[in-house]
Amino acid sequence: MSLDLMAPIMFVSLIFFLLIGYPVAFALSAVGLLFSWIGIHFDLLRPELLQALPNQVYDIMRNDTLLAIPFFTFMGLILERSGLAEDMLDTIGQLFGTMRGGIAYAVIFVGALLAATTGVVAASVISMGLISLPIMLRYGYDTRIATGVIAASGTLAQIIPPSLVLIVLADQLGTSVGDMYAGAMLPGLLLCAFYAVFIFMVSMVKPQWVPALPPEARTLRGAALGKRVVLVMIPPLLLIFLVLGTIFLGIATPTEGGAMGAVGAIILAMMNRRLDMSLLKQAMDSTVKLSTFVVFILIGARVFRIAFLGVDGDKWVEHLLTSLPGGATGFLIAVNIMVFFLAFFLDFFEIAFILVPLLAPVAQSLDINLVWFGVILAVNMQTSFMHPPFGFALFYLRSVAPKEVKSTQIYWGAVPYVVMQLIMVGTLIAFPGLVTGSLHAEVKTNADDAASIMQQMEAAPSSDLPQGIEIPAGDASAADGDSQQSDALLKELTGQ
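Going by what an unreviewed UniProt entry lists, the chain is known as TRAP transporter large permease protein and is assigned to Vogesella alkaliphila. In its Subunit (unreviewed entry) section, UniProt records this for the chain: "The complex comprises the extracytoplasmic solute receptor protein and the two transmembrane proteins." One UniProt comment on the chain, placed under Subcellular location (unreviewed entry), says "Cell inner membrane".

Printed below as a string of structure tokens:
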């Protein structure tokens, strides 16, 4: 087998295993080990290649950035079970109830607040589906409008900090989580504005689809409503500042902010008198499951990446994408089209761990700001929750929707919001300042250091050797050299 064919065959094999439903962590590991064995068997790779794997696994285990994932997950689960969403939806629904589409506006507003406090799509969609959907249907909302706005508002947790997606993308791109959060804030708020404008247009064209609440449904008025708004809104806003404000101000790292958020969520649950051992056990069990899921995918991705770099897969991807017409803009358009269609079959974790590490060096070579690139991908990957066959937000909503709501109505309700998300992707490509303008300084990433190292290697006598792993095929002394140096090179080249 030719070395030139190994990379494309390896990539296609991975996609095949994922499409037939094989678990992503094991598919990554199996394909990586299989093609490592094939490469070694045909003398295309040296056995020493796999010696980097133990150090790579250890590198995952000591990555402080990834600690933010269990912290934010735990915080979101505690808040979801402590009645925060229920209280906010009831109060904001009363506040906007006099307007046509008022409950839909409340869902969007609360969806943004839940995104900024929980960062978990499932918690947001299920909470709003249980609380708001029956009310919207009872007072005459069109089913497609009601289900669409709930599913779309729940996916705001993908892009509004403290999003788990942004943490993963920052880790895979080698950028700062704080920079990624700062860059994503304005696009997330603009996406909320898109949703609100759509509801406003519907209220103008088809007012019977989004009626105002009848007077008998408005149980709070005047000073009582004002007092309720203050009491309900202050605690989550304080928590948002505790988590995001300290990160943006440079007082805390994202991991420290997540830890403070977890403590704040426990305090809020205690204030609502809903903290008990059952709630804690459920939250901790779900947090451990998600964290283990992420770590196993990361380990599988490292196994796959080592073999893929060893067969010059990075060169194959770079040549494939840099040869596209249009330069950086053509690259961004092509990548986003590819990510959109892959999102029909893969979730955001799979795309982030498999595809993003391959795209980051190409984006860096085209002088694309990696924070800007990451935010564009995050908005695009929102669509993976919103369209069939694996739109998880639609599945979450289907699980809590009344039986009279048809699945086809949920799917059709999501279509306008998928279109708006794609419009947002195009807007960010056309106006990068929406992301980079929120950054305090020019982004300096680990990928910058990697590019510098690669330039130094190009000037060295060994520049004709594969840059994935520094193990020359004909030099036994180099193969027996310092494995730590090889591992450091691998981490630099993969942006870890």
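**Q** Just checking my understanding: could you explain the overall build of the chain for this structure?
**A** Along its length, the chain carries 24 helices and zero strands. Across the 496 residues in the chain, those meeting the buried criterion constitute 55%. Across the chain, contacts joining residues at least 24 apart in sequence account for 80% of those joining residues at least 6 apart.

**Q** Can you help me understand the environment of Leu298 in this one?
**A** One can find Leu298 in helix α13 (residues 277–310). Placed 273 residues apart in sequence, Leu298 and Ala25 show a C-alpha to C-alpha distance of 7.6 Å. Sequence-distant contacts of Leu298, defined by excluding residues within four places in its chain, comprise Ile60, Leu66, Asp171, Gln172 and Phe353.

**Q** Just to check I follow, could you spell out unusual backbone geometry for this structure?
**A** Most peptide bonds take the trans configuration, and most residues that are not glycine carry a negative phi. Across the junction of Pro161 and Pro162, the peptide omega takes the value 10 degrees, indicating a cis bond. Among the secondary structure elements, Pro162 is positioned in the loop between α8 (143–154) and α9 (164–173).

**Q** Would you take a moment to explain the packing of helix α7 (residues 121–138) against helix α19 (residues 392–400) for this structure?
**A** Where α7 contacts α19, the axes come no closer than 9 Å and their chain directions differ by 35 degrees. Note that α7 runs across α19; the crossing there is right-handed. Taken together, the residues of α19 that come into contact with α7 (itself represented by Val121, Ala122, Val125, Ile126, Gly129, Leu130 and Leu133) are Ala393, Tyr396, Leu397 and Val400.

**Q** Help me understand helix α4 (residues 68–81), please; the structure alone is not making it clear to me.
**A** At 3.6 residues per turn, the α-helix brings residues three or four places apart onto the same side. If you check α4, its first and last C-alpha atoms are 20 Å apart, about what 14 residues at 1.5 Å a residue would give, namely 20 Å. Within α4, ten of the 14 residues are buried, which leaves the element mostly enclosed by the surrounding structure. Those residues of α4 lying buried are Ala68, Ile69, Phe72, Thr73, Phe74, Met75, Gly76, Leu77, Ile78 and Leu79.

**Q** What is the right way to look at a nonpolar patch on the surface in this model?
**A** Residues Phe16, Ile20, Tyr22, Phe26 and Phe296 make up a contiguous nonpolar surface patch of about 560 Å² in total accessible area. Summarising the element assignment, Phe26 is placed in helix α2 (residues 24–41). According to the relative accessible area criterion, Phe26 is partly exposed, its value standing at 49%.

**Q** I tried to follow the packing of α9 against helix α10 (residues 177–205) on my own but got confused; where do I start?
**A** Any two packed helices are characterised by how steeply their axes cross, that is the angle between the axes, and by the distance between the axes. Close contact between α9 and α10 brings their axes to 9 Å; oriented N to C, the two are set at 125 degrees. If you check the angle between α9 and α10, you find them oblique. Considering the relative orientation of α9 and α10, their crossing is right-handed. Between α9, through Leu166, Ile167, Leu169, Ala170 and Leu173, and α10, the contact on the second element is made entirely by Val177, Met180, Tyr181 and Ala184. Split by residue class, the contact of α9 with α10 holds nine nonpolar, no polar and no charged.

**Q** I keep staring at the pattern of salt bridges and nothing clicks. Help me out?
**A** One side chain can pair with another of opposite charge once the charged atoms of both are near each other. A full pass over the atoms with the stated rule returns three salt bridges. Across the pair Asp142 and Arg144 runs a salt bridge whose closest N-O atoms are separated by 3.3 Å. In this structure, Lys281 engages Asp285 in a salt bridge whose closest nitrogen and oxygen atoms are separated by 3.1 Å. Here Lys281 pairs with Asp285, and both are found in helix α13, just four residues apart, close to one helical turn. Judged by its relative accessible area of 51%, Lys281 falls in the exposed class.

Cut-off values and rules
Residues numbered from 1 in each chain as written. Predicted model: local features only at pLDDT ≥ 70, side-chain atom pairs only at ≥ 80, totals over all residues. Heavy atoms only, no water. UniProt positions renumbered as here; feature names shortened; annotations may be inferred. Helix = DSSP H or I, 4+ residues; strand = E, 2+ residues; numbered from the N terminus. Buried < 20%, exposed > 50% of the residue type's maximum accessible area, 1.4 Å probe, protein only. Contact = heavy atoms within 4.5 Å. Axes fitted to C-alpha atoms, helices over the stretch in contact; angles between N-to-C directions. Left-handed = near helix turned anticlockwise from the far one by under 90°. Expected span 1.5 Å × (residues − 1). Patch = residues over 30% accessible without salt bridge, like charges linked within 9 Å, V, L, I, M, F, W, Y side chains within 5 Å. Areas by Shrake-Rupley, 256 points an atom, 1.4 Å probe, with all protein chains shown as cover. Salt bridge = Lys/Arg side-chain N within 4 Å of Asp/Glu carboxyl O. Parallel < 35°, antiparallel > 145°, perpendicular 65-115°, else oblique. Nonpolar A, V, L, I, M, F, W, Y, C, P; charged D, E, K, R; others polar.

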